[in-house]
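This is what each chain is made of:
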Amino acid sequence: MEFRHLRYFLVLAEELHFGRAARRLSISQPPLSLNIQQLEASIGAKLFTRNSKQVALTAAGLAFVPDARALIDQAAQAASHARDVGQGMAGSLAIGFSGTMLYSGLPDILENFQTRHPLLRLMLKELSSSEQLMELALDRLDIGFVHTTRVPAELSQIRVSSQAFVACLPAGHALAQQKSLSLQALQGEPFAVVSRTVSPDYHDRIIAICLEAGFYPEIRYELRHWLSVVSLVSQGMGVALVPAALGKSAMAGTAFVPLDTPTTPYDTHCLWKTSRDNPALTAFVEAVRAAHEA
């Protein structure tokens with residue numbers, strides 16, 4: 001049985017006349033008759049009764065009409081879906097991100113991209129930079145947004161943001177109302193940081209920044225997520241150095257104060273496997289690049 005047979009059958013079932021059906025199909029009557037015979041042979045049942053005066057559907061033919069239509073519709077849907085996936089219009093993308101990206105443009109990128117690609121399913125996973133690198137290597141992520149300079153050679157990248165570090169203080173802290181402050185003013189304060197096992201680049205960066213200012217930070221709390229760091233500070237339990245974008249979290253009980261001496265910026269890179277052949281991924285990368293260049 002071929003889809004051509006089904007199409008010829010349905011047209012003949014509607015016309016019940018070989019001449020009219022052949023004209024609709026832009027073929028002559030002999031090929032139409034041959035295709036109907038081939039279909040009946042493959043099914044093992046007569047689908048039409050015919051004589052010199054009329055053509056009629058048999059009981060088997062009547063029963064076959066809705067099934068034949070369903071098969072044709074299913075084939076059309078399958079072809080349409082494959083075409084959409086091939087053009088990057090459908091399918092799914094697994095996107096990794098770290099918490100600061102929620103305040104660094106990712107929601108806008110996702111909203112704009114989803115509007116243009118409504119059939120694409122976007123699946124987001126909040127992961128540390130090291131976790132994202134592992135998931136990308138194992139092809140369990142299509143793309144990631146990380147804060148690390150340790151990028152494997154097989155990954156392509158776009159730098160999507162570069163932020164200054166700011167002091168995150170409890171709202172009631174003596175320095176919370178300052179327009180800017182010297183990092184040395186935080187010497188001796190209990191620091192909250194993201195754990196080195198989760199984000200070694202950030203952890204080492206905080207220590208290096210403090211050492212440049214002349215002191216080693218008293219790290220009292222090591223947490224897994226940026227918002228956990230900010231939440232702990234909001235409870236008055238310590239201070240932190242965080243990317244400036246986290247000031248947009250507007251978490252009650254916190255103050256974000258710029259440093260009076262510039263520090264090495266906190267960069268975010270969008271990463272994906274260069275070898276991945278995925279039109280949807282290509283479209284998303286272009287959306288990220290366009291948002292970054294805007």
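Quick notes on the rules
Residues numbered from 1 in each chain as written. Predicted model: local features only at pLDDT ≥ 70, side-chain atom pairs only at ≥ 80, totals over all residues. Heavy atoms only, no water. Helix = DSSP H or I, 4+ residues; strand = E, 2+ residues; numbered from the N terminus. Buried < 20%, exposed > 50% of the residue type's maximum accessible area, 1.4 Å probe, protein only. Areas by Shrake-Rupley, 256 points an atom, 1.4 Å probe, with all protein chains shown as cover. Lys, Arg positive; Asp, Glu negative; His and termini not counted. Charge placed at Lys NZ, Arg CZ, Asp CG, Glu CD. Pairing = 2+ DSSP bridges. Axes fitted to C-alpha atoms, helices over the stretch in contact; angles between N-to-C directions. Contact = heavy atoms within 4.5 Å. Patch = residues over 30% accessible without salt bridge, like charges linked within 9 Å, V, L, I, M, F, W, Y side chains within 5 Å. Salt bridge = Lys/Arg side-chain N within 4 Å of Asp/Glu carboxyl O. Core = buried A, V, L, I, M, F, W, Y, C linked by side-chain atoms within 4.5 Å.

So what exactly am I meant to see when it comes to the overall build of the protein here?
When its secondary structure is counted, the protein shows nine helices and 12 strands. With respect to the principal axes defined by its C-alpha atoms, the protein has extents near 105 × 40 × 35 Å. Across the 294 residues in the protein, those meeting the buried criterion constitute 46%. In the form shown here, the protein has an accessible surface area of approximately 14900 Å², with 53% of it arising from carbon and sulfur atoms. Taking the average location of the 25 positive side-chain charges in the protein and that of its 26 negative ones, the two points are 12 Å from each other.

For this particular structure, what's the right way to read unusual backbone geometry?
Trans peptide bonds make up most of the peptide bonds, and negative phi angles are found at most residues other than glycine. If you check the backbone angles, Leu16 has positive phi at about 50° while not being a glycine. If you trace the backbone, Leu16 turns up in the loop between α1 (3-15) and α2 (18-25).

What exactly am I supposed to notice about the sheet that holds strand β10 (residues 240-243) here?
Sheets are built from strands that pair by backbone hydrogen bonding, the pairs being arranged parallel or antiparallel. An order of β10-β7-β11 is seen for the three strands of this open sheet, with the pairing classed as antiparallel. Every other strand in the sheet has two partners, leaving β10 and β11 (254-258) as the edge strands with one partner each. Shown here is a sheet whose adjacent strand axes are inclined to one another by a mean of 40°, direction ignored. In the packing of helix α8 (residues 226-234) onto the sheet, the strands contacted are β7 (165-170), β10 and β11, and the crossing angle to β10 comes to about 140°.

Would you mind showing me how to read a nonpolar patch on the surface here?
A cluster of nonpolar residues, Met1, Phe3, Ile43 and Leu71, forms a patch on the protein surface that exposes about 370 Å² of accessible area. Summarising the element assignment, Ile43 is placed in helix α3 (residues 29-43). For Ile43, a relative accessible area of 34% translates into the label partly exposed.

Can you help me understand the nonpolar core in this one?
Within soluble globular proteins, side chains that are nonpolar generally end up buried alongside one another. Core analysis: the biggest nonpolar cluster contains 36 residues, and Leu169, Leu181, Leu183, Leu186, Tyr202, Leu241 and Val242 have the highest contact counts within it. Mapped by element, the contributors of at least two residues to this core are β7, β8 (190-194), α7 (200-212), α8 and β10. With residues near it in sequence (within four places) discarded, Leu181 still touches Ala167, Leu169, Leu175, Leu186, Val257, Pro258, Leu259 and Asp260. Counting residues in hydrophobic clusters, the runner-up holds 22 residues, among them Ile95, Leu106, Val160 and Trp272.

Looking at this structure, how should I read the side chain of Gln132?
Locating Gln132 in the fold gives a position in helix α6 (residues 129-137). You can call Gln132 buried: its relative accessible area is 0%.

Where do I start with the pairing of strand β12 (residues 266-273) in this structure?
Taken residue by residue, a regular strand's side chains alternate between the two faces of the sheet. When you tally the buried positions in β12, you get seven out of eight residues, the bulk of the element. As defined by bridge partners, strand β5 (residues 143-146) adjoins β12 across three bridges and the pair is classed as antiparallel. Of the residues in β12, the one forming a bridge with Gly144 is Leu271. Across eight bridges, strand β6 (residues 155-163) lies against β12 in antiparallel orientation.

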